[in-house]
Amino acid sequence: MRIWLDGRLRDADDAKVSVLDHGLTVGDGVFETVKAQDGTLFALTRHLERLTRSARGLGLPDPDLDEVRRACAAVLEANPVPLGRLRITYTGGLSPLGSDRGDAGPTLVVAVGETTRRPDTTAVITVPWVRNERSALTGLKTTSYAENVVALDRANRAGASEALFANTVGQLCEGTGSNVFVVLDGEIHTPPVASGCLAGITRALAVEWTGAKETDLPFDVLERAEEVFLTSTLRDVQAVHRVDGRVLTGAPGPVTAKAMRVFDERAASDVDP
């Protein structure tokens with residue numbers, strides 16, 4: 001594997017970040033995951049715009065997007081895969097121990113790993129922990145991901161691929177790495193960004209392409225929704241066949257199946273929507 005680190009491609013064994021990098025010591029960093037298919041990145045412009053928003057939200061300098069694009073192209077050329085997860089990581093860089101940043105400048109890492117297409121349906125669980133819709137990190141895609149690791153581990157141990165959170169006022173929010181949609185009376189709804197969820201790239205496209213409504217939803221809507229589906233970079237649109245102990249028979253249902261088809265068709269017609 002060849003990885004881009006701070007200005008050039010390096011062999012994986014040589015791609016080393018300092019143990020004093022702020023992204024490691026305090027989680028001071030942002031990232032994006034981009035789907036790579038046959039050497040082409042999907043929705044890269046939207047991902048880079050969000051990378052910049054997240055960096056600004058942490059008070060990091062704007063990333064050099066021309067460099068990031070060069071890095072992405074170089075990594076894809078050096079590591080050809082039919083379907084890949086390309087990861088852009090941008091951190092506070094070399095810093096003293098503690099929360100204060102140093103003045104060495106940010107660290108940029110771009111890497112890609114091969115992956116496989118997700119199943120059409122999956123199981124999810126709900127967890128007792130909440131998203132704080134008023135947090136300083138709300139809406140930012142940061143490397144401070146430990147609570148997602150804990151929740152996803154619980155999901156995996158329960159035979160599920162995702163865990164869903166409420167926010168502090170008991171509204172449906174999001175998954176550890178996905179956005180959630182529900183079908184009520186034949187209409188698609190998803191929590192608004194104000195709920196504390198990440199403004200997912202796939203979420204935004206699904207809303208635009210399916211006409212889904214952004215709606216404040218109680219967490220227990222998952223107990224009565226006719227259909228449930230997830231969206232994310234690597235899931236695209238993925239139906240849910242089980243929420244905790246509730247089985248949604250026939251998943252993907254007709255509304256979700258149409259959303260999956262529409263998303264696939266629109267994405268195939270425009271790789272940078």
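Here, the structure is the one placed above.
Let us look at the structure shown here. (Residues numbered from 1 in each chain as written. Predicted model: local features only at pLDDT ≥ 70, side-chain atom pairs only at ≥ 80, totals over all residues. Heavy atoms only, no water.)

## Quick notes on the pairing of strand β1 (residues 2-5)
Where β1 lies against strand β2 (residues 8-11), four bridges are found, and the strand directions are antiparallel. Its bridge partner being in β2, Arg 2 is matched across the sheet by Asp 11. Remark: two residues form the turn of the hairpin made by β1 and β2, two consecutive strands paired antiparallel; Asp 6 in that turn has positive phi of roughly 50 degrees. Summarising the sheet, β1 and strand β6 (residues 107-114) pair through two bridges and their orientation is antiparallel. What sits directly across from Trp 4, in β6, is Val 110. (Pairing = 2+ DSSP bridges. Helix = DSSP H or I, 4+ residues; strand = E, 2+ residues; numbered from the N terminus.)

## What about the pattern of salt bridges?
Going through the model one piece at a time under the given rule, you end up with 14 salt bridges. Several salt bridges share partner residues, and in doing so they unite Arg 117, Arg 118 and Asp 120 into one network. (Salt bridge = Lys/Arg side-chain N within 4 Å of Asp/Glu carboxyl O.)

## Things to note about the nonpolar core
Among the nonpolar cores identified, the biggest contains 25 residues, and Leu 41, Leu 86, Ile 88 and Val 110 are the most heavily contacted of them. At the level of elements, β3 (29-37), α2 (44-58), α3 (65-78), β5 (83-91) and β6 are the ones that each hand at least two residues to this core. The element contributing the most residues to this core is α3, with six residues. (Core = buried A, V, L, I, M, F, W, Y, C linked by side-chain atoms within 4.5 Å. Buried < 20%, exposed > 50% of the residue type's maximum accessible area, 1.4 Å probe, protein only.)

## With respect to α3
Here α3 spans 20 Å end to end across 14 residues, near enough to the 20 Å set by a 1.5 Å rise per residue. Glu 67, Val 68, Ala 71, Cys 72, Ala 74, Val 75 and Leu 76 are the residues of α3 that are buried. For α3, the N-terminal cap is Asp 64; the gap from its side-chain oxygen to the backbone nitrogen of Asp 66 is 3.1 Å. (Expected span 1.5 Å × (residues − 1). Polar contact = N/O pair within 3.5 Å; in protein donor to acceptor, adjacent residues only side chain to side chain.)

## Topic: the packing of α2 against helix α5 (residues 201-210)
Packed helix pairs are characterised by how far apart their axes lie and by the angle those axes make with each other. Contact geometry for α2 and α5: axes closest at 10 Å, N-to-C directions at 125 degrees. Between α2 and α5, the crossing angle belongs to the class labelled oblique. Crossing geometry of α2 relative to α5 is assigned as right-handed. Contact with α2, carried on its side by Arg 46, His 47 and Arg 50, involves Ile 201, Ala 204, Leu 205 and Glu 208 of α5 and no other residues of that element. Each residue belonging to the contact of α2 with α5 can be placed in one class, and the counts come to three nonpolar, one polar and three charged. (Axes fitted to C-alpha atoms, helices over the stretch in contact; angles between N-to-C directions. Parallel < 35°, antiparallel > 145°, perpendicular 65-115°, else oblique. Left-handed = near helix turned anticlockwise from the far one by under 90°. Contact = heavy atoms within 4.5 Å. Nonpolar A, V, L, I, M, F, W, Y, C, P; charged D, E, K, R; others polar.)

## Points about α5
For α5, the buried fraction is high: seven of the 10 residues fall into the buried class. Within α5 the residues assigned to the buried category are Ile 201, Thr 202, Arg 203, Leu 205, Ala 206, Val 207 and Trp 209. Gly 211 occupies a position one or two residues after α5 and carries a positive phi of about 75 degrees.

## Quick word on the environment of Lys 16
Note that Lys 16 resides in the loop between β2 and α1 (22-25). Judged by relative accessible area, Lys 16 falls into the exposed class, the value being 58%. Note: C-alpha distance between Lys 16 and Val 109 (93 residues apart in sequence) is 9.9 Å.

## Some words on unusual backbone geometry
Along the chain, Ala 251 connects to Pro 252 via a cis peptide bond; the corresponding omega equals 0 degrees. Counting through the fold element by element, Pro 252 comes out in the loop between β15 (246-247) and α6 (254-269). The backbone of Asp 38 shows a phi angle near 50 degrees, a positive value even though the residue is not glycine. Although it is not a glycine, Ala 43 sits at a positive phi angle of roughly 55 degrees. With respect to the secondary-structure elements, Ala 43 resides in the loop between β4 (40-41) and α2.

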